[in-house]
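Okay, here's what each chain looks like letter by letter:
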Amino acid sequence: MVKKLRLGILASGTGTDLQSIIDASEKGMMDAEVKVVISDNKDAYALKRAEKHKIKAFFVDPKSKKKEEHEQEINKILEENEIDLVVGAGYMKILSPGFVRKWYGKLINIHPALLPSFKGPNGQGDALGYGVKISGCTTHFMDEEMDHGPIILQAAVKVQPGDDRDKLASRILEVEHQILPRTIQLFAEGRLKIVGRKVEIRKGESWKNKYKVLPDVLYSEGY
Ligand code: GRF
């Protein structure tokens, strides 16, 4: 039996990205299991989702302590739980360079825009406000700059007439729920190699041939 990758998820909000990982894992689509969920927000619904699935859930309070201390607490949880891959799934706090360096190559993130455009917390709204005709989402290894590290997968979504920020965000989110678990599975299969700014994806099985793809979405190589 393949040894399953042990995942630590960082999430601040509703946790639908987290849910997509849990679901893909429970359906046997990934050789990976969520072992811990950590949030900087005590009310994050992501923590409730974890509990429902009997996954350890931790609120690590960022208030009234230094950033290093907050991250040391997170780090301790990740290490004690022998985490192999840390996933930012809607984690809204910026991680310090020290934390990112420690986990470099084992720390990924999802961003709701086609990087390097529209970095920051409102990628969907910023893209729409700029007047783009196509947006999408990106998974990438995290580095010391926000929304900057080597890109793993991207998927493009058309902006529709009448889209507002929330309509576009929800169509992008649906695709996030596909490329995030897929990215984790590529990592689990050892198919990702960082070469400078680029990520080489070793050829292999494609999810396009196995699972449903969404109409009008362009998936990058490796999906
Ligand atoms: C996603 O769009 C993610 O890309 C962004 O925050 C959102 C999180 O959604 N950074 P959820 O909390 O997983 O539902």
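Preceding this section is the structure that the text describes.
Residues numbered from 1 in each chain as written. Predicted model: local features only at pLDDT ≥ 70, side-chain atom pairs only at ≥ 80, totals over all residues. Heavy atoms only, no water.

> Would you explain the site of the ligand in this entry?
Close contacts around the ligand come from Gly13, Thr14, Gly15, Thr16, Asp17, Gly90, Ile110, Pro112, Gln124, Leu173 and Glu176, and that covers them all. At 3.2 Å, a backbone N or O of Thr14 approaches an oxygen atom of the ligand. For the ligand, the protein covers 84% of the area, taking 370 Å² as the surface of the free molecule. Of all the secondary-structure elements, those providing two or more residues to the shell around the ligand are helix 1 (16-26) and helix 6 (165-188). Tallied by class, the residues present in the shell around the ligand amount to three nonpolar, six polar and two charged. (Near = heavy atom within 4 Å. Polar contact = N/O pair within 3.5 Å; in protein donor to acceptor, adjacent residues only side chain to side chain. Areas by Shrake-Rupley, 256 points an atom, 1.4 Å probe, with all protein chains shown as cover. Helix = DSSP H or I, 4+ residues; strand = E, 2+ residues; numbered from the N terminus. Nonpolar A, V, L, I, M, F, W, Y, C, P; charged D, E, K, R; others polar.)

> I keep staring at the pairing of strand 8 (residues 192-195) and nothing clicks. Help me out?
Within a regular strand, the side chains alternate between the two sheet faces. Sheet topology places strand 8 next to strand 9 (residues 198-201); four bridges connect them, and they run antiparallel. Its bridge partner being in strand 9, Ile194 is matched across the sheet by Val199. Count of turn residues in the strand 8/strand 9 antiparallel hairpin: two residues, of which Gly196 carries a positive phi of about 60°. (Pairing = 2+ DSSP bridges.)

> Explain the side chain of Asp163 here, please?
Mapped onto the secondary structure, Asp163 falls in the loop between strand 7 (151-158) and helix 6. A distance of 2.9 Å separates the side chain of Asp163 from the side chain of Arg171, its partner in a polar contact.

> Looking at this structure, how should I read the side chain of Ser206?
Note on placement: Ser206 falls in the loop between strand 9 and strand 10 (217-219). Beyond its immediate sequence surroundings of up to four residues, Ser206 is in contact with Arg182 and Tyr223. (Contact = heavy atoms within 4.5 Å.)

> Is there a simple way to explain the packing of aromatic side chains in this structure?
This structure, assessed with the given rule, holds four aromatic pairs. Following the ring pairs from residue to residue traces out a cluster consisting of Trp207, Tyr211, Tyr219 and Tyr223. (Phe/Tyr/Trp six-rings, centres within 6.5 Å; stacked < 30°, edge-to-face > 60°.)

> Explanation requested: the packing of helix 1 against helix 6 in the structure shown.
In a pair of packed helices, the angle between the axes and the distance between the axes together describe the arrangement. Between helix 1 and helix 6, whose axes approach to 9 Å, the crossing angle comes to 50°. For the element pair helix 1 / helix 6, the angle class is oblique. Relative to helix 6, helix 1 is oriented so that their crossing is right-handed. Packed against helix 1, whose contacting residues are Thr16, Asp17, Ser20, Ile21 and Ala24, the element helix 6 presents Leu173, Glu176, His177, Leu180, Pro181 and Ile184 at the interface. A breakdown of the residues in the contact of helix 1 with helix 6 according to their chemical character gives six nonpolar, three polar and two charged. (Axes fitted to C-alpha atoms, helices over the stretch in contact; angles between N-to-C directions. Parallel < 35°, antiparallel > 145°, perpendicular 65-115°, else oblique. Left-handed = near helix turned anticlockwise from the far one by under 90°.)

> So what exactly am I meant to see when it comes to the pattern of salt bridges here?
For side chains of opposite charge, pairing can occur when their charged atoms come near one another. For the structure on display, the rule yields twelve salt bridges. The partner of Asp166 in a salt bridge is Arg165, with the nearest N and O atoms 3.3 Å apart. The exposure class assigned to Asp166 is exposed, which follows from its relative accessible area of 53%. Using a relative accessible area of 32% as the deciding quantity, one classes Arg165 as partly exposed. The closest approach of N and O atoms between Lys210 and Glu205, which form a salt bridge, is 3.5 Å. Residue classification places Lys210 among the partly exposed residues on the basis of a relative accessible area of 45%. (Salt bridge = Lys/Arg side-chain N within 4 Å of Asp/Glu carboxyl O. Buried < 20%, exposed > 50% of the residue type's maximum accessible area, 1.4 Å probe, protein only.)

> Looking at this structure, I do not really get the sheet that holds strand 1 (residues 5-10). What am I missing?
Sheets are built from strands paired through backbone hydrogen bonds, the pairs being either parallel or antiparallel. Across the sheet, which stays open at both edges, the eight strands sit in the order 3-2-1-4-5-6-7-10 with mixed pairing between neighbours. Both edges of this open sheet fall to strand 3 (56-59) and strand 10, since each of them pairs with a single strand only. The mean inter-strand angle of the sheet, taken between neighbouring strand axes irrespective of direction, is 20°. Bridging between strand 6 (residues 134-141) and strand 7 involves seven bridges; their strand directions are antiparallel. Considered in strand 7, the bridge of Thr139 is made with Leu153. In the packing of helix 2 (residues 45-52) onto the sheet, contacts are made with strand 2 (32-39) and strand 3, and the angle to strand 3 comes to roughly 155°. Contacts from helix 3 (residues 67-80) reach strand 1, strand 2, strand 3 and strand 4 (85-88) within the one sheet, and its direction differs from that of strand 2 by about 160°.

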